[in-house]
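Coordinates in review
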Amino acid sequence: MVEIPVADGKIDGYLAKPEGAGPHPGVVVLHDAIGLGKDIKGIADRFAAAGYLALAPDLFSRGGRLSSSKAVFENMLEAQGRAFEDIESARLFLADQGASKVGVAGFGMGGGLALVAASSKFDAAAAYYGFLPKDMSIFDGAAPIVASYGKNDITLKGAASLLELDLLNRGITADVKEYPEAGHGFATKPRLGALSKVVKAAPGHHAESAEDAWRRVTTFFGEHLR
């Protein structure tokens with residue numbers, strides 16, 4: 001665990017380092033509405049094993065998860081707010097660590113944040129079942145985007161095709177895929193508890209879809225971050 005300097009102090013984060021001498025490309029890994037847990041840390045570790053300096057910031061560092069998730073979710077939909085300042089601070093942290101280029105990857109709520117962050121200073125973005133911003137013009141001039149959705153995700157019906165068409169019309173390099181057997185949360189392991197109620201669709205891990213999405217993400221990042 002590390003502390004990430006932000007505008008009003010510091011927030012917590014999990015840093016996973018690859019083996020070998022750098023510089024390495026970096027990836028900011030954004031958690032879902034449940035928070036920074038073992039599964040997200042495991043994904044950061046997996047990025048590190050693939051040769052990326054991976055940092056997963058805890059976007060709920062300042063308060064309780066339920067109240068924090070509401071505030072961050074609102075930031076995501078409005079495409080502005082403190083959550084994006086924290087994400088930029090995480091990107092700068094990796095740059096200070098010597099990351100050559102930096103991408104962002106997010107899941108659920110974090111996937112929506114990653115989509116918006118693609119229009120900032122990141123070099124590529126990966127969104128897993130990311131919620132679409134209210135104003136799609138945020139994608140003007142966005143970095144390359146790879147996105148993965150589940151056809152059985154009741155919260156994001158039609159999101160994959162809408163995103164794909166919008167990015168195509170804007171001339172953004174993109175790889176968008178909808179998995180026919182997957183639902184919301186297919187790329188992370190299921191977690192039980194009251195906080196899962198924050199997610200409106202029950203999460204369901206689908207290994208085959210998750211592995212194919214991981215292959216696409218690492219191939220895409222390999223093309224745009226290395």
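Residues numbered from 1 in each chain as written. Predicted model: local features only at pLDDT ≥ 70, side-chain atom pairs only at ≥ 80, totals over all residues. Heavy atoms only, no water.

**Re the pattern of salt bridges**
Using the criterion set out here, one finds 13 salt bridges in the structure. Of the charged contacts, one joins Lys10 and Glu3 as a salt bridge, the two residues approaching to 3.4 Å between their closest N and O atoms. Taking the relative accessible area as the measure of exposure, Lys10 reaches 56% and is therefore exposed. For the salt bridge of Asp212 with Lys177, the shortest nitrogen-to-oxygen distance reads 2.9 Å. Pair noted here: Asp212 is in helix H6 (residues 207-225) and Lys177 is in strand E8 (residues 174-179), with a separation of 35 residues, a long-range link. Residue classification places Lys177 among the partly exposed residues on the basis of a relative accessible area of 30%. (Salt bridge = Lys/Arg side-chain N within 4 Å of Asp/Glu carboxyl O. Buried < 20%, exposed > 50% of the residue type's maximum accessible area, 1.4 Å probe, protein only. Helix = DSSP H or I, 4+ residues; strand = E, 2+ residues; numbered from the N terminus.)

**Regarding the sheet that holds strand E3 (residues 26-30)**
Each strand in a sheet pairs with its neighbour through backbone hydrogen bonds, running either in the same direction (parallel) or in the opposite one (antiparallel). Read from one edge of the open sheet, 8 strands run E1-E2-E4-E3-E5-E6-E7-E8, paired in mixed fashion. Strands at the two margins of the open sheet, each flanked by one partner only, are strand E1 (2-6) and E8. Adjacent strand axes in the sheet meet at a mean angle of 20° when their direction is disregarded. Bridge count between strand E7 (residues 145-150) and E8: 6 bridges; the pairing is parallel. When the sheet's bridge partners are listed, Ser148 is paired in E8 with Lys177. Against the sheet, H6 contacts E3, strand E5 (102-107), strand E6 (124-128), E7 and E8, and its axis sits at roughly 180° relative to E8. (Pairing = 2+ DSSP bridges. Axes fitted to C-alpha atoms, helices over the stretch in contact; angles between N-to-C directions. Contact = heavy atoms within 4.5 Å.)

**Here we look at the nonpolar core**
By size, the foremost hydrophobic cluster in this structure holds 78 residues, and its most contacted members are Val29, Phe47, Tyr149 and Phe221. No other element matches the 7 residues that H6 contributes to this core. (Core = buried A, V, L, I, M, F, W, Y, C linked by side-chain atoms within 4.5 Å.)

**Remarks on the packing of aromatic side chains**
Under the definition given, this model contains 10 aromatic pairs. Aromatic pair Tyr128 and Tyr129: ring centres 6.2 Å apart, planes at 70°, arrangement edge-to-face. Neither Tyr128 nor Tyr129 differs from the other in exposure class; each is buried. The rings of Phe107, Tyr128, Tyr129, Tyr179 and Phe186 are connected pair by pair, giving a single aromatic cluster. Over the face of the ring belonging to Tyr52 we find Arg226, whose NZ or CZ atom lies 4.5 Å from the ring centre. (Phe/Tyr/Trp six-rings, centres within 6.5 Å; stacked < 30°, edge-to-face > 60°. Lys NZ or Arg CZ within 6 Å of the ring centre and 35° of its normal.)

**Some details on the side chain of Asp86**
Tracing the backbone through its elements, the reader meets Asp86 in helix H3 (residues 82-96). Overall, the relative accessible area of 3% leaves Asp86 in the buried class. For Asp86, the residues in contact, after removing those within four places along its chain, are Val6, Ile11, Leu59 and Arg62.

**Focus on the packing of H3 against helix H4 (residues 109-117)**
Running from N to C, H3 and H4 point in directions that differ by 75°, and their axes come no closer than 11 Å. With respect to their mutual orientation, H3 and H4 come out roughly perpendicular. Contact with H3, carried on its side by Ala83, Phe84 and Ile87, involves Leu113, Val116 and Ala117 of H4 and no other residues of that element. Taken together, the residues of the contact of H3 with H4 break down into 6 nonpolar, no polar and no charged. (Parallel < 35°, antiparallel > 145°, perpendicular 65-115°, else oblique. Nonpolar A, V, L, I, M, F, W, Y, C, P; charged D, E, K, R; others polar.)

**Thoughts on the environment of Lys151**
On the secondary structure map, Lys151 appears in the loop between E7 and helix H5 (159-169). Residues Lys151 and Gly183, spaced 32 residues apart in sequence, show a C-alpha to C-alpha distance of 6.2 Å. In contact with Lys151, not counting residues within four places along its chain, are Lys157, Glu178, Tyr179, Pro180 and Ala182.

**Here we look at the packing of helix H1 (residues 38-49) against H6**
Between H1 and H6, the least distance of the axes is 12 Å, while the angle of their chain directions is 45°. Viewed along their axes, H1 and H6 adopt a mutual orientation that is oblique. Considering the relative orientation of H1 and H6, their crossing is right-handed. Residues Ile43, Arg46 and Phe47 of H1 form the contact with H6, whose own contacting residues are Glu211, Trp214, Val217 and Phe221. Here the contact of H1 with H6 is built from residues that sort into 5 nonpolar, no polar and 2 charged. (Left-handed = near helix turned anticlockwise from the far one by under 90°.)

From the geometry alone we can't say anything about function, so treat these as descriptive.
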